[in-house]
Amino acid sequence: QAFAGHNFLEVLTLILSNEGDQFEKMCRKNPGEHVVLAHPISQDQTLIRTSIIPGLLDTLSVNTDQPLPQKIFEVGRISLLDDSEEVGAREHLRVAAAVIGSRVDFADIKALSESILTEIGLSGGDCQAVPPEHAWAETFIPGRGAVISSAGKEWAVLGELHPQVLESFGLGYPVSVVEINLEVLI
């Protein structure tokens, strides 16, 4: 409801993905904590996603003929390896959003993120620049990516995408994204 109130459209993307979309195209470090399918049905679906953002970027890339700005979001699950779980992996609830337009920048997604976090009851987090060793560091334009956290828990990662990421997904305009960890509410 919070994103819809900000004029975002909800989309549903596939939970199955591949290393190319999840890591290479996103210029994102691969921590090796993703769930790989033993018998994938195609090379496009070899793992369970570790982020919702690549699916949103795929959606934007097939809608380049639509008017700008475009604002989309998805509430969904990602999966990460977890030895403490019986099945060896654990699902995590996330919400992610992407905005594309000729005048979209980091300030837009930061203001939106802070507003959404306040609306869902997560105000008071500390917003800091993405550190160079962070998995998302190269995804964003230097100085235009951030992590919002509190008490050692990462609430959100957000930023303006690096031109290399935009080119990877065939996007010709600036894009800003946010992915919020909804598990901190539980």
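On a predicted model such as this, the values are computed, not experimentally measured, just so you know.

(A) A look at the side chain of serine 176. Relative to the assigned elements, serine 176 resides in strand E9 (residues 175–181). Reaching out from serine 176, the side chain makes a polar contact with the backbone oxygen of aspartate 105 at a distance of 3.0 Å. The residues touching serine 176, leaving out its near neighbours within four places in the chain, are Ala97, Ala98, Val99, Val104, Asp105, Phe106, Ile109, Gly159 and Glu160.

(B) Here's a closer look at helix H2 (residues 53–61). The buried fraction of H2 is high, at seven of nine residues. Ile53, Pro54, Gly55, Leu56, Leu57, Thr59 and Leu60 are the residues of H2 that are buried. Against helix H1 (19–24), strand E4 (70–81), strand E5 (89–100), strand E8 (153–161), helix H4 (163–168) and E9 lie the buried residues of H2.

(C) Focus on the packing of aromatic side chains. In this structure the tally under the stated criterion is three aromatic pairs. Ring geometry for phenylalanine 3 and phenylalanine 73: centres 5.3 Å apart, planes at 15°, overall stacked. Here phenylalanine 3, found in the segment before strand E1 (9–10), pairs with phenylalanine 73, found in strand E4; they are 70 residues apart in sequence, far enough to count as distant. In this pair, the class of phenylalanine 3 matches that of phenylalanine 73, namely buried. Here tryptophan 136 and phenylalanine 140 contribute two aromatic rings whose centre-to-centre distance is 6.1 Å and whose plane-to-plane angle is 15°, an arrangement assigned as stacked. Summarising the burial analysis for this pair, tryptophan 136 and phenylalanine 140 share the class buried. Taken together, the ring pairs connect Phe3, Phe8 and Phe73 into an aromatic cluster. Positioned above the aromatic ring of phenylalanine 169 is the side chain of lysine 25, whose terminal nitrogen or guanidinium carbon lies 4.5 Å from the ring centre.

(D) Quick look at the confidence of the model for the protein. Residues of the protein with pLDDT of at least 70 account for 97%, and the chain-wide mean is 88. Looking over the protein, one finds the lowest element-wise mean pLDDT in strand E6 (residues 126–129), namely 81, and the highest in H4, namely 97.

(E) Quick peek at the environment of leucine 14. Tracing the backbone shows leucine 14 in the loop between E1 and strand E2 (16–17). A C-alpha to C-alpha distance of 9.0 Å links leucine 14 and isoleucine 52, two positions 38 residues apart in sequence. In contact with leucine 14, other than residues within four places in its own chain, are Gln45 and Arg49.

(F) The arrangement of the pattern of salt bridges in detail. All chains considered together, the criterion is met by seven salt bridges. Of the charged contacts, one joins arginine 77 and glutamate 91 as a salt bridge, the two residues approaching to 3.9 Å between their closest N and O atoms. Of the two residues, arginine 77 sits in strand E4 while glutamate 91 sits in strand E5, which places them 14 residues apart along the sequence. Taking the relative accessible area as the measure of exposure, glutamate 91 reaches 43% and is therefore partly exposed. Arginine 144 is paired through a salt bridge with glutamate 160; the nearest N and O atoms lie 3.2 Å apart. With a gap of 16 residues between them, arginine 144 in strand E7 (residues 140–150) and glutamate 160 in strand E8 connect regions that are remote in the sequence.

(G) How the structure looks around helix H3 (residues 106–119). If you check H3, its first and last C-alpha atoms are 20 Å apart, about what 14 residues at 1.5 Å a residue would give, namely 20 Å. Taken as a whole, H3 has its buried residues at Phe106, Ile109, Leu112, Ser113, Ile116 and Leu117. Projected down its long axis, H3 carries its buried residues within an arc of 135°, all on one side. Where H3 is buried, its residues touch E5, E7, E8 and E9. One or two steps after H3, the chain reaches glycine 121, where phi turns positive at roughly 90°.

The rules behind the values
- Residues numbered from 1 in each chain as written.
- Predicted model: local features only at pLDDT ≥ 70, side-chain atom pairs only at ≥ 80, totals over all residues.
- Heavy atoms only, no water.
- Helix = DSSP H or I, 4+ residues; strand = E, 2+ residues; numbered from the N terminus.
- Polar contact = N/O pair within 3.5 Å; in protein donor to acceptor, adjacent residues only side chain to side chain.
- Contact = heavy atoms within 4.5 Å.
- Buried < 20%, exposed > 50% of the residue type's maximum accessible area, 1.4 Å probe, protein only.
- Phe/Tyr/Trp six-rings, centres within 6.5 Å; stacked < 30°, edge-to-face > 60°.
- Lys NZ or Arg CZ within 6 Å of the ring centre and 35° of its normal.
- pLDDT = per-residue confidence, 0-100.
- Salt bridge = Lys/Arg side-chain N within 4 Å of Asp/Glu carboxyl O.
- Expected span 1.5 Å × (residues − 1).
- Arc of directions from axis to C-beta.

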